[in-house]
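Per-entry structural report
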Amino acid sequence: MKLDIFSDVICTWSYGEEKVLRAIDYIYDGQIEFKNTMGIIFNDYKDVLPMNMKDRASDEVANNILLSIWRAGVNIHKMPVMTSAPNLISDENPGTQFISRGFVTFRIIKPELANEFLRELRLATILYGKNTMDLEVLADIAEEFSVDRDEFKEVFENQSMEEFLSDRMKCFDRRFERYPNFMYTDEGGKEYILKGYKTKEELMGFIDRFSDIPKREITLDEESVKEFIRKYKKVFIPEIVEVFGQEEEVNKILETLENEDFIKIEKVGTGKEITLEEQ
């Protein structure tokens, strides 16, 4: 089953949905294909400023507002974000299209890894504090996926805008103004749309409405958590809790695995990042 996802790279709800999408991938054992299409949350940050702040518009104001939006999302989705304001929005790049074009560029070059790149791009932007409005930084991330940086920059400059505008038209045609949104297209071409940030249960309900794909049995124990971490290699505590529930028990298991040198837990931004210890 293919699920189209319409989102923006730096949208807090699109970022928070990564936790749910990872749970869906795990529960349905990779049988759901996700295809990401880029929208845009704003063309120019000045357009979304309150009237009483428009005369005080500045890069600092814009980036502090962005951080406050990300922090507000954490209260719902729990995914970690950076603790200081980013250095993203400016007069040169007042909207989010530059970063979205970075994703589109990678999708042109290596579509089979596009979703993994998008997740890493979001983490770089929202959690690690990298300036992904810089083409060299985008190329750095692409290199982590074995994409030649010169090819990446060439495609960004010469092909990504047309492809990005095509994505935007798909969003416009469906009247998407906020993100994320989900779409399933049946064999007859009829589209079924689910709008807005969704919980795991809501998204599973949407999937089960159109398919009978079996789900794996979920059991919270040490071996199951180890399997989850092995599969995804870098995870966050809310992602494990999303799949297994029982946050207190999950934290006990993680403490045990850390003491056994199976995992490394590092404080990053407002959360903790879990990776496999080098064996």
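Quick look at the structure, then. All figures in this text were calculated on a predicted structure; none of them were measured in a lab.

**Here's the deal with the nonpolar core**
The biggest cluster of nonpolar side chains holds 46 residues, and the ones touching the most others in it are Val-9, Trp-70, Ile-89, Phe-103, Phe-117, Leu-121 and Phe-152. Elements with a contribution of two residues or more to this core: helix H2 (59-77), helix H3 (97-109), helix H4 (114-127), helix H5 (135-143) and helix H6 (149-158). The leading source of residues in this core is H4, at eight residues. If you look at the next biggest cluster of nonpolar residues, it comprises 38 residues, including Leu-3, Val-235, Val-250 and Ile-274.

**With respect to the packing of helix H1 (residues 12-27) against helix H10 (residues 237-244)**
Remark: H1 packs on H10, axes separated minimally by 9 Å, with the N-to-C direction vectors making an angle of 45°. Put simply, H1 runs oblique to H10. The handedness of the crossing between H1 and H10 is right-handed. In this structure, H1 uses Glu-18, Lys-19, Val-20, Arg-22, Ala-23 and Tyr-26 to contact H10, whose residues at the interface are Pro-238, Glu-239, Glu-242, Val-243 and Phe-244. Across the contact of H1 with H10, the residue classes break down as six nonpolar, no polar and five charged.

**Re a negative patch on the surface**
On the surface, a cluster of negative charge is made up of Asp-148, Asp-150, Glu-151, Glu-154 and Glu-157. Turning to its location among the elements, Glu-151 is positioned in helix H6.

**Let's talk about the pattern of salt bridges**
With the rule as written, the count across this model stands at 18 salt bridges. The partner of Lys-19 in a salt bridge is Glu-242, with the nearest N and O atoms 3.3 Å apart. Of this pair, Lys-19 sits in helix H1 while Glu-242 sits in helix H10, and the two are 223 residues apart along the sequence. Overall, the relative accessible area of 15% leaves Glu-242 in the buried class.

**Examining the sheet that holds strand S6 (residues 263-268)**
In sheet architecture, strand pairing relies on hydrogen bonds along the backbone and comes in two forms, parallel and antiparallel. Within the open sheet, the three strands sit side by side as S5-S7-S6. Their pairing is antiparallel. Taken across any chain shown, the strands that pair with only one partner, and hence form the sheet edges, are strand S5 (234-236) and S6. Strand-to-strand twist in this sheet, taken as the mean axis angle between neighbours without regard to direction, amounts to 30°.

**Looking at the environment of Met-133**
Looking at where Met-133 falls in the secondary structure, it is placed in the loop between H4 and H5. Distance from Met-133 to Asp-55, taken between C-alpha atoms, is 25 Å for residues 78 residues apart in sequence. If we ignore the near neighbours within four places in the chain, the residues touching Met-133 are Leu-88, Ile-89, Asn-93, Gly-95, Thr-96, Phe-98 and Ile-99.

Cut-offs applied
Residues take numbers from 1 onward in each chain, read along the sequence in its written order. Given that this is a predicted model, residues contribute local features only at a pLDDT of at least 70 and side-chain atom pairs are listed and counted only at 80 or more, while totals for whole chains, interfaces and linings are drawn from all residues. Only hydrogens and water are set aside when side-chain values are computed; all heavy atoms of the structure are taken into account. Here, nonpolar core refers to any group of buried Ala, Val, Leu, Ile, Met, Phe, Trp, Tyr and Cys residues whose side-chain atoms link them within 4.5 Å. Buried, partly exposed and exposed residues are distinguished by accessible area as a fraction of the type maximum, computed with a 1.4 Å probe on protein chains only: under 20%, between the cut-offs, and over 50%, respectively. In this description a helix means any DSSP run of H or I spanning at least four residues, a strand means any run of E spanning at least two, and both kinds are numbered starting from the N terminus. Fitted lines through C-alpha atoms serve as axes, helices being fitted only where they are in contact, and the angles separating the N-to-C directions of these axes extend from 0 to 180 degrees. In what follows, roughly perpendicular refers to angles from 65 to 115 degrees, roughly parallel to angles under 35, roughly antiparallel to angles over 145, and oblique to any angle outside these ranges. Two helices cross in a left-handed way if the nearer one is turned anticlockwise from the farther one by less than a right angle. They cross in a right-handed way if the turn is clockwise. The contact criterion used is simple: two residues touch if any of their non-hydrogen atoms lie within 4.5 Å. Think of it as three bins: nonpolar holds Ala, Val, Leu, Ile, Met, Phe, Trp, Tyr, Cys and Pro, charged holds Asp, Glu, Lys and Arg, and polar takes everything else, Gly as well. The residues that make up patches have over 30% relative accessible area and no salt bridge, and they are joined within 9 Å when like-charged or within 5 Å when they are Val, Leu, Ile, Met, Phe, Trp or Tyr. Note on areas: Shrake-Rupley, 1.4 Å probe, and residue coverage restricted to the protein chains presented here. By definition, a salt bridge exists where a carboxyl oxygen of Asp or Glu is found within 4 Å of a side-chain nitrogen of Lys or Arg. Counted as positive: Lys and Arg. Counted as negative: Asp and Glu, with His and the chain ends omitted from the count. Lysine's charge is taken at NZ, arginine's at CZ, aspartate's at CG and glutamate's at CD. In this scheme, strands are said to pair when DSSP sees at least two bridges between them.

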